[in-house]
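Survey of secondary and tertiary structure
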Amino acid sequence: MSTNILLIEDDSALRAEMLDYLMRRKYNVTTCSTIAEAQAALDDGTPDTIISDIKLPDGDGVTFYVDNVLRTGGARWILMSGNHDLVRLGNELKAVAHLPPCSIIDKPVPLRLLDLAIRAPA
């Protein structure tokens, strides 16, 4: 069974690079460039893994995670950003006891590290 991934990244070149890498590893990937698109994708079904940029044109991945993590059940969440302050904010989420854990990855994202985060045991 293949893993279903929701990838939210507003940089089209990076999104295309990540999509290509993930598809070569036989993942089923749905891509979005905004929070609104991602929300619509979640309304259509829950993926196994959600990978979201933290800074997006219509919101941020941290708020998207907080607003949706409980409704996505056991989905794995991976947040990423090139802004160290936003990465720090994302890491602070790990201290919030009522939220399931998420992984935080610095950009530029090493694609092998991303794959390892997707495959890591829950």
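These remarks concern the structure in this document. Along each chain, residues carry numbers from 1 onward, in the same order as the chain's sequence is written. Whole-chain, interface and lining totals are the exception, using all residues; otherwise, since this is a predicted model, local features are given only for residues with pLDDT of at least 70 and side-chain atom pairs are given and counted only at 80 or more. Note: side-chain values were computed over all heavy atoms of the structure, leaving out hydrogens and water.

Turning our attention to unusual backbone geometry. Note that the residue after Lys107, namely Pro108, is joined by a cis bond; omega there is 0°. Phi at Lys26 takes a positive value of approximately 70°, unusual for a residue other than glycine. Within the fold, Lys26 resides in the loop between helix 1 (12-24) and strand 2 (28-32). Numbered from the N terminus, helices here are DSSP runs of H or I no shorter than four residues, and strands are runs of E no shorter than two.

Turning our eyes to something else, we now look at the nonpolar core. What is meant by a nonpolar core is a set of buried Ala, Val, Leu, Ile, Met, Phe, Trp, Tyr and Cys residues, joined one to another through side-chain atoms within 4.5 Å. Exposed residues in this analysis have more than 50% of their type's maximum accessible area, buried residues have under 20%, and partly exposed residues fall in between, with area computed by a 1.4 Å probe over protein chains only. Counting residues in hydrophobic clusters, the biggest one holds 20 residues, and the most contacted among them are Leu6, Ile8, Ile50, Phe64, Tyr65, Trp77 and Leu79. Breaking this core down by element, the ones donating at least two residues are strand 1 (4-8), helix 2 (35-44), helix 3 (61-68) and strand 6 (76-81). Ranked by residues supplied to this core, first place goes to helix 2 with four residues. Each residue touching Ile50, except ones within four places of it in the same chain, is listed here: Leu6, Ile8, Leu42, Phe64, Thr72, Ala75, Arg76, Trp77 and Ile78. Only heavy atoms enter the contact rule, under which two residues are in contact if any of them lie within 4.5 Å.

Between N-to-C directions, angles cover 0 to 180 degrees, with each direction set by a line fitted to C-alpha atoms, over the stretch in contact for helices. For the pair helix 1 and helix 5 (residues 111-119), interaxial distance at closest approach is 11 Å and the crossing angle is 55°. As far as their axial angle goes, helix 5 and helix 1 are oblique. Handedness of the helix 1/helix 5 crossing: right-handed. Listed contacts from helix 5 to Glu17, Met18, Tyr21 and Leu22 of helix 1 are Leu111, Arg112, Leu114, Asp115 and Ile118. Each residue gets one label: Ala, Val, Leu, Ile, Met, Phe, Trp, Tyr, Cys and Pro are nonpolar, Asp, Glu, Lys and Arg are charged, and the others, such as Gly, are polar. In the contact of helix 1 with helix 5, the residues fall into six nonpolar, no polar and three charged. Roughly parallel here means an angle under 35 degrees, roughly antiparallel means over 145, roughly perpendicular means 65 to 115, and every remaining angle is called oblique. Should the near helix be turned anticlockwise from the far one by less than a right angle, the crossing is left-handed, and should it be turned clockwise, the crossing is right-handed.

A separate point is the packing of aromatic side chains. Pairing of aromatic rings covers Phe, Tyr and Trp, the last counted by its six-membered ring, and requires centre-to-centre distances within 6.5 Å; plane angles under 30 degrees mean stacked, over 60 mean edge-to-face, and any other angle means tilted. Scanning the model with the defined rule gives two aromatic pairs in all. Measuring from ring centre to ring centre gives 5.3 Å for Tyr65 and Trp77, while their planes differ by 75°; the resulting arrangement is edge-to-face. Of this pair, Tyr65 sits in helix 3 while Trp77 is found in strand 6, placing the two residues twelve residues apart along the sequence. Through successive ring pairs, a cluster of aromatic residues spans Phe64, Tyr65 and Trp77.

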